Amino acid sequence: MQKKEQHCAFFSGYALLKILLLMKLTFILTVVFCIQVSASVHSQTVVSLTVKKMPLNKVFLEIERRTKYRFLFNNDLLPGERKVDLSVKDEEVTRVLDRLLSNTPLSYKLLEGDVIAITPRAGAVQQKIKVTGRVTNEKGEPVPGATVIEKGTKNGASTDNDGYFIINVDSAGSVLEISSIGFETQTLALGGQTQVNVLLKIAGKGKLDEVVVIGYGTTKKTSLTAAVSTLKGGDVAQKPVADLSNSLVGRVPGVIADQGSGEPGLDGSRIRIRGSSTTGNADPLLVVDGIPRSFAQLDPNSIESFTVLKDAAAVAPYGLAGANGVILVTTKKGKSGAPSLSYNGYMGYQNAARIPAMVNSYQYALLQNEGAKNSGLPNMPFSDNNIAEYKKTVDKAADADPDRYPNSRGLRDVLRRNAVLTYHNLELSGGTDKIRYYAALGYTSQQGQFATTWLKKYNADTRVDVKATNTTNVSLALNGYVVDQHYAGKVDQTAGDPNDMYGAANGGIMYQAFRTPPTSPIYYSNGLWGSYIGRSLVGYIYNSGYAFNENTQLLTTFSIEQQLPFVKGLSVKGVVSYDPYNTFSKIWRTPILSYSADFSTTPATYTPGYTEFSQPQLNESVSQNKAFTYQGYINYHNTFGQHDVTFLGVVESRNQKYWGLGAGRTAYPINIDELDQGGVAAGQISNGGSSSEQAQVGYLYRLSYSYAGRYLAEVAGRYDGHYYFAPGKQYAFFPAFSLGWNIGQERFMRNAAFVDRLKVRTSYGESGNLAGGAYQYLTGYGIYGNAAVFNGNPTTGVYENSQANPNITWERAKKFDIGVEGSLWRGLLTFEADYFHERRSNMLVTPNVIVPAEYGIGLPQVNGGVMSNQGIELSLGTSHTFHNGIRIDVNGNFTYAQNKLLQVYETNATYNNPNRRQTGRANGTQFGLKALGYFTTNDFTANGSLKPGIASIPDAPVQPGDLKYADLSGPAGKPDGIIDDNDQTVIGRPNGSPQMIFGLTPTIFYKGIDLNFLLQGAAQVTLPVGGSLVHPFDQQGSATELAYTDHWTPANPNALYPRIYSNQPDYDTRWSSWWLRNAAYLKLRNLELGYSFPNALVRRWGMQRLRAYIAGQNLWTWTPHMKETIDPEARSSNGQYYFQQRVFSFGLNVTF
Amino acid sequence: MNMIKTCGAVLLVTISLAGCKKSYLDIAPKNFLSDDAVWASTANADLFLNDIYNQLPDINNETEHLDQYTDNSDVGVLWMNGYAKVATAQITPSSLPTGPWDMWTWDKNYQKIRRCNLFIQKVAASQLPGDYKTQRIAEARFIRALLYHWIWMAYGGVPVIKDVLDNVTQGDSIYRPRNTERETFAFIDNELDTISKMLPPSYGAADFGRPTSGAALTLKGWCELYEASPLRNPGQDPNLWKAASATNKQVMQLGVYDLVSDFTQLFLAGDNNSIESVFARQYGPNHGSTIIGKEGPTMNAAVAEVSWGNFQPTQELVDEFSMSNGKAIADPGSGYDPQHPYDNREDRFYKTILYDGAPWRGFTISTRDGGNNSIDLGYASDKTHTGYYARKRLDSAMDPGSYFSGICYQNYMYFRYAEVLLSFAEAENEVNGPTADVLAAVDKVRTRGNLPGIAAAYGAVNQSQMRDIIRRERRVELCFEDKRWWDVLRWKIAEKMPDGSPGVLNRPEIGMVITGTTGNLTYTRTNVRNRIFLPKMFLMPIPQFALDQNPAMQKQSGGTDGWTNGQNPGY
């Protein structure tokens, strides 16, 4: 069993083959392009020229004018008196040069970028050119330890503490590349200079001319009138998280996210932009490279940037899909230059971050007996003798009998420690002015907290950008991945809520782990395993077969952009994307083996038994989803004096087609997991399939105007159509307007020299949100197989769907935003602050409370809900370099969003009771009884009945130590001495998304060392706790150690938990304030400490750059208000879920 | 340049694809049938009825049966409704037990009733053939009556809704007040009377599972018996007993039904739709049950707990089985030996109960101290808390590895002929005393169980003795068939007995502790747990959400049923 835990952390042959197959198409397309492009370049390398008595330098210039080549030469080196005659027609430039220089001491060298350097002829000692320079940051301070490389060579140097460097280059035309951690890499063409000054810009800083990706385009940060935040891909690339959606929390203002689980492949964050503004689907729209797609499984290293679009102006181009905000992801492109190959990778170890401690068997026995006594059971579950035996086992006494009296620990006996997380990435980038390419391969392997749960992911990315003509740009991008998820066969990975795959609903592993009491053997001392109530935890995890998902996604984008020569600044672009997504799943469930021990014999006999099935079962399913997107763009940008005009128009249509097939067999006579080998009788064969199609059309525009770069105005909008709705109601229009004022550039600000830039902006507009499902406008009858049995055979059934609502339509959001952003003291302080307000109307609500419970069918949803959401977000950044060279960057952000239901359906019972009214309160506000504490002996008369005047639940036989509730109201609106639903009141904030979230990301650089971490917190969120996490023996489960140590007894009257019973009665477990926790937290989400090896050393090893780092994820959590040790972000109230993981990793970044 | 032309062409294609034709968004759904299509043919309309049949309580897949609410069986575990809500009397309008498989869940029953109403309305209005309409509408009305009878038993009077509610056309009249208990009964009774004349007496195999005229009369007879019994007939109106007697007699006179000789096989798949089966939910491939996994004994010899042991018969039930001489164990001359309690019991005992020493699947059940299924009095496991498991209705031929695979195809009989005989006897005994008809009906059931007839066992008996004999017979014959709960309610013996002593659900449950070794065993009765039954519990509370959403019900106070704001007394 233990052997299975070691999975190979490196590429297997199979994996490579799969990647190669995936890349085959990419490769062929890339080659085709390269051939075509190189042909067109070739045609520009010939020259026709006739000159007489012309100096050499003039000849070079003439050739420059006629070809693509540029010359680099030092006039001092040229024999100035020499004049030449030349007459050539369509001759290769290289041949012409051969002839021209044949009798000179000169030679030439063809450099990248079509540069021809005229150099002294080889043969003599190669004369190196000494170049000196100084590297400084934007504030003029030196940058020590920066790397200076002569591009295309292994030649390099580092700056000293004052930022100075000396490098000997091959030619006056060499190009230097200057880089330093935390700064944007700079390239510098020497062009004959021997003394240079280099300004390095701090990476990721809002620079004045920073270009920001926005919807359907890009713009300059200074021209933005919308609320937009960005994050560089590099900031999160090497954090040890497999799912990219976990990277945004705490790093981007306006993003509220929580990670509810740690399960490989299902550990993604639930992301809410500016909180949640709807009772419906509140997920933001995800866009990768301009096409709506999920980014979560992309290779983290292939991400260039994230952009979060937040206000109406920013999301307007997305029309019906924009109201919940938009996250744009841009993947990397090739950079021109010599091929650059780099490796990034890490290896980490994961362990559950917070695990509830459970009782040992001795504690369990005592607690059970205490419960039985309190429950009035006439008999005790554990005799004194048994208790003593358990104590021996717990104490590891020499005469203990751990097989008969075990002390097992459901969670810890089966949770794998140090599960390995590995990531490798190889990246190749390069190109010329004409063609740039980028290619990357990524591999992620994540083991799970159970040996049978794991994930492997293979990413492949390629992109080719071609400048096909001077006015034509063509690009092809392919991002593909294969995700393989593996589970134990007992885990139904197709069922229900993915966050509940291990919970009770699916008979799950975590449910059993919490249930199995320590007195039940998980493993016997001989290594065999037992069971509890016919369910074996070990059997579930290791002996239940397997379930396997293999999902293959390809994101293909082809685009052509053409400048139209007849109008300046006008261009058109066409984009076609084709995203096929294929799934394959195979579930092989076998009889689950476990052993029963019979201690009446010596030695004990162990008898194997099987549960679940007597013969294996197999289910396989395949599906394909093909998404086609077509976009036609018209772009116009021109400047007329001080007036700057930009126009964008796009026609977009999307179409998706899905089909799925499934087949299954049961009663496998032999253990061969193939469909063909299963049982053949009726009832042992099953199959099914379905298909569907989706379509959407949108017409969008954006017109931006700026005057003198100071006054900015923009209108944008989209006319959108969607197939969800009734013909005639399929289209809607979503406009937005925004204004900006760059105060910093006004004349009157010239005296305020400390202001680098300062802008105020505001926006207002409408956007939409697609709610509900397709075809709600149609009356129809649903069909299903496997209805009632007649004559031994199941039949097909037809049932009435809910009523139709022919008027069903989109949610509409009216969004307002006002913000200010700026930079002071040359970047020492950057800031951005926004206030936002949104009113969401047309929310789909089910008016069931306006019909009686006897109505018998769900009413159609109507667009009747209204909700507001408002809040603020702030971000601050600072960067400072100390005299000793230490640089500290600190970025902080804070978001607060609070929504309020303005109109929902409520019964009179809640609406007329001010304590219970949902209208006017935040969506998801938790209502329940208000617990006052425990009953005390003072509450009872001598004969044990409650004193008059003390309110209680009718007929509840309460005793001291049971929960006492506040009598707040009654049917007549007044306290009535009876505790019932009328006494409910607000007891907690919404569960799930916190209303307040903040992050702090300090980064420290010193010479080759860099340190960064993310301290992230959340507040104003309430987590309910329940089930076996707080109620001992829930569903015949075990109990936590906390429940053992801190429950009510006469000696511990202020305990955390009430009196213990064999079965906690409803009057103690019912929904009340006692079972809610303030889940505010502060987490050290990640930390990374890196060291870049000195240049000289790295070069000797044949590399350009080498950085090693250690990193951690989820390192520390502080939840001052929760004693239960589950993660405050847990989406499971009973702890029966896949724990969030703490990761320690070691990684390398190498550039060759 | 060529390149420009190419680009232009691509752009044109893109834009023409993007700016698409008008019908681009008109995509037809593929998983719907239109209203017209459903009611256009008998084959399609049948599909709708198939779904209605599929809504019947799937009892053989239920974990907890109605007997676990009673003194027939323990619950297995304490968190189930039978203990957590019923035995501890923790029943409130916001938290009430819903019966096995939502048997009386308020909104779900009305969802099913709506389907019946819709079917009845649509088929009646359709162009389908007349004989089809008659037959299928009668089937739907039968199921509707069956659904109503469960909520009527549970809640008393309920809103009787016979039409399809529509908030658009009906306005506020969608809010229906509760009909009184008696009105609800009358509706069910009249419906079944009508339906019984529309339905055929029997079907060919292809239609097994559809209600017959006998099924309608049986349900009618049962409802009449319920209405005639002390709970609903405090005034002792003899006409109610007469009606019950007559209707059950009608079933007997149909000549369609008889008893199956083998009491074990009767409940298993081989005897599905036997001559004794009156109305049953059908099971088959892809629609099997897990009954043995949920209800079987937790251990087979020493092999793992493959079953959950959820039927845990009480000592009280065990005591009700007669001796093989036909006498109850308490009767003088019964020969019952408390230290050999399982010797010389009637045949049904061995076919109903697994006890210490009982054979099971080639092993021997041992509930004695230290045995493989040693009694667990502390509720620390699933093992029996009473010293017994159920044997009845469990197919010992099933392979333990398949207990949860759903390949058990035995039907669940809502009604079988033995009950008709006992219902007739009970009603007729109240009307005319222990007549020969009464004796014959009870003896028919007893003698299948190889018991001597009543006269042979007891000689002449009076009406009161006969009542006790019938009640005991009913409890033994019908245990684990979800009958006992309704019986102890209608006999009004749950809270207190007629003599004022604590009722059967208001006293401690008893189990049997067995110590010692074979040949030298000691049998000790022990209290297992307490049970509380409050007077209000004869009716379930109307769920709070149902009251909150129906102003017409909220206005109902007082009246014959003593409601307060639509709620039953005591809640």
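A. How the structure looks around the overall build of chain B. Per the secondary structure count, chain B includes 20 helices and eleven strands. For chain B, whose C-alpha radius of gyration is 27 Å, the value lies close to the compact-globule estimate of 25 Å for 571 residues. Reported as C-alpha extents along the three principal axes, the dimensions of chain B are approximately 110 × 60 × 50 Å. Counting every position in chain B, which comprises 571 residues, the buried fraction comes to 63%. Residue pairs in contact within chain B that sit at least 24 positions apart in sequence constitute 70% of those at least 6 positions apart. Carbon together with sulfur atoms contributes 53% to the accessible area of chain B, which is approximately 19,000 Å² in total.

B. Representation of the overall build of chain A. Across its full length, chain A holds 13 helices and 55 strands. Against the compact-globule benchmark of 32 Å for 1152 residues, chain A has a radius of gyration of 35 Å, which places it among compact chains. Its C-alpha atoms give chain A principal-axis dimensions of roughly 125 × 70 × 70 Å. By residue count, 57% of the 1152 residues in chain A fall in the buried class. Considering only contacts in chain A between residues 6 or more positions apart, those separated by 24 or more positions represent 69%. Total accessible area on chain A stands at roughly 45,300 Å², and carbon and sulfur atoms take up 55% of it.

C. Examining the pairing of strand β7 (residues 147-150) of chain A more closely. Residues and elements named next belong to chain A. Alternating positions in β7 separate into two faces, T147 and I149 on one and V148 and E150 on the other, with burial throughout. Inspection of the sheet shows β7 paired to strand β8 (residues 156-158) by three bridges, in the antiparallel sense. Residue pairing across strands places V148 opposite A157, the latter belonging to β8. Two strands pair when backbone bridges link them, and β7 and strand β10 (residues 175-179) are joined in this way by four bridges, in the antiparallel orientation. Within the sheet, the bridge partner assigned to V148 lies in β10 and is I178.

D. Just the pattern of salt bridges, in detail. Residues and elements named next belong to chain B. Evaluated as defined, the whole model comprises 89 salt bridges over all chains. With its nearest N and O atoms 2.5 Å apart, the salt bridge here joins R115 to D51. Of the two residues, R115 sits in helix α5 (residues 106-125) while D51 sits in helix α3 (residues 42-54), which places them 64 residues apart along the sequence. Salt-bridge contacts for D258 lead to K444; the nearest nitrogen and oxygen are separated by 2.8 Å. Placement of D258 in the loop between α10 (238-254) and β3 (277-281) and of K444 in helix α15 (residues 436-448) is noted, with a sequence separation of 186 residues between them.

E. Highlighting α10 of chain B. All names here are of chain B. For α10, with 17 residues, the first-to-last C-alpha span of 25 Å sits near the 24 Å given by 1.5 Å per residue. Those residues of α10 hidden inside the fold are in contact with α8 (181-198), α9 (213-228) and α14 (417-432). Near the N-terminus of α10, the side chain that reaches the backbone nitrogen of N239, with its oxygen 2.9 Å away, is that of D237. In the stretch just after α10, G255 is the one whose phi turns positive, near 75 degrees.

F. The arrangement of the interface of chain B and chain A in detail. With 101 residues of chain B in contact, the opposing surface of chain A contributes 106 residues. In total, about 8,300 Å² of surface goes out of reach between chain B and chain A, with carbon and sulfur atoms giving 60% of it. Area buried by chain B at its contact with chain A is led by L25, I27 and W79 of chain B, which between them contribute 9% of it. Taken together, chain B and chain A are joined by two salt bridges. On the surface where chain B and chain A come into contact, there are 35 residue pairs in polar contact (both at pLDDT 80 or more). Sort the elements by how many residues they give to the side of chain B that touches chain A and helix α1 (residues 2-18) of chain B lands first, with nine residues.

G. Structural view of a nonpolar patch on the surface. Residues and elements named next belong to chain A. A cluster of nonpolar residues, F737, Y764, F816, I818, Y835 and I872, forms a patch on the protein surface that exposes about 520 Å² of accessible area. Tracing the chain through its elements places I818 in strand β41 (residues 811-824). What makes I818 partly exposed here is its relative accessible area of 41%.

H. Just the side chain of E800 of chain A, in detail. Mapped onto the fold, E800 of chain A is located in strand β40 (residues 797-800). At a separation of 3.1 Å, a polar atom in the side chain of E800 of chain A contacts the side chain of R114 of chain B. The residues touching E800 of chain A, leaving out its near neighbours within four places in the chain, are G780, Y781 and I857 of chain A together with F48, R114 and L118 of chain B.

I. Examining the confidence of the model for chain B more closely. Looking at chain B, pLDDT values average 93 and 95% of them are 70 or higher. The ipTM assigned to the predicted complex is 0.91, against a pTM of 0.84.

J. Structural detail: the pairing of strand β29 (residues 592-598) of chain A. All names here are of chain A. By the criterion of burial, β29 is predominantly enclosed, with five of the seven residues buried. Here β29 runs beside strand β30 (residues 605-611); their pairing, made up of seven bridges, is antiparallel. What sits directly across from S596, in β30, is T607. Linking β29 to β30, which pair antiparallel, is a turn of six residues.

K. Quick look at the nonpolar core. Formed by 125 residues in total, the largest nonpolar core has its most connected members in W104, F119, F142, Y155, W485 and W486 of chain B. By residue number, the principal contributor to this core is helix α6 (residues 130-155) of chain B, which donates 16 residues.

L. Main features of the state of the cysteines. Residues and elements named next belong to chain B. The tally for this structure, following the rule as stated, stands at zero disulfides over all chains. A disulfide-free cysteine, C479 has its sulfur positioned 18 Å from the sulfur of C408, the nearest such atom. Here C479 falls in the buried class, since its relative accessible area comes to 1%.

M. Quick look at the packing of aromatic side chains. By the definition in use, this model includes 71 aromatic pairs over all chains. An angle of 75 degrees between the planes, with centres 5.8 Å apart, marks the rings of F295 of chain A and F306 of chain A as edge-to-face. Linking F295 of chain A in the loop between β19 (291-292) and β20 (303-309) with F306 of chain A in strand β20, this pair joins segments that are eleven residues apart in sequence. Classification of F295 of chain A as buried rests on a relative accessible area of 1%. Taking 6.0 Å as the distance between ring centres and 70 degrees as the angle between the ring planes, the aromatic pair formed by Y724 of chain A and F725 of chain A counts as edge-to-face. Side by side, Y724 of chain A and F725 of chain A carry an identical accessibility label, which is buried. Aromatic ring contacts, followed pair by pair, group Y69, W104, W152, F185, W222, Y226, W485, W486, F533 and F538 of chain B into a single cluster. Its guanidinium or amino end placed over the ring of Y283 of chain B, R281 of chain B lies 5.8 Å from that ring's centre, counting from NZ or CZ. If you follow K483 of chain B out to its NZ or CZ, it ends over the ring of W222 of chain B, 6.0 Å from the centre.

Calculation rules
Residues numbered from 1 in each chain as written. Chains lettered and ligands numbered in written order. Predicted model: local features only at pLDDT ≥ 70, side-chain atom pairs only at ≥ 80, totals over all residues. Heavy atoms only, no water. Helix = DSSP H or I, 4+ residues; strand = E, 2+ residues; numbered from the N terminus. Rg over C-alpha atoms; globule rule 2.2 N^0.38 Å. Buried < 20%, exposed > 50% of the residue type's maximum accessible area, 1.4 Å probe, protein only. Contact = heavy atoms within 4.5 Å. Areas by Shrake-Rupley, 256 points an atom, 1.4 Å probe, with all protein chains shown as cover. Pairing = 2+ DSSP bridges. Salt bridge = Lys/Arg side-chain N within 4 Å of Asp/Glu carboxyl O. Expected span 1.5 Å × (residues − 1). Polar contact = N/O pair within 3.5 Å; in protein donor to acceptor, adjacent residues only side chain to side chain. Buried area = accessible area lost by both parts, 1.4 Å probe. Patch = residues over 30% accessible without salt bridge, like charges linked within 9 Å, V, L, I, M, F, W, Y side chains within 5 Å. pLDDT = per-residue confidence, 0-100. Core = buried A, V, L, I, M, F, W, Y, C linked by side-chain atoms within 4.5 Å. Disulfide = S-S within 2.5 Å. Phe/Tyr/Trp six-rings, centres within 6.5 Å; stacked < 30°, edge-to-face > 60°. Lys NZ or Arg CZ within 6 Å of the ring centre and 35° of its normal.

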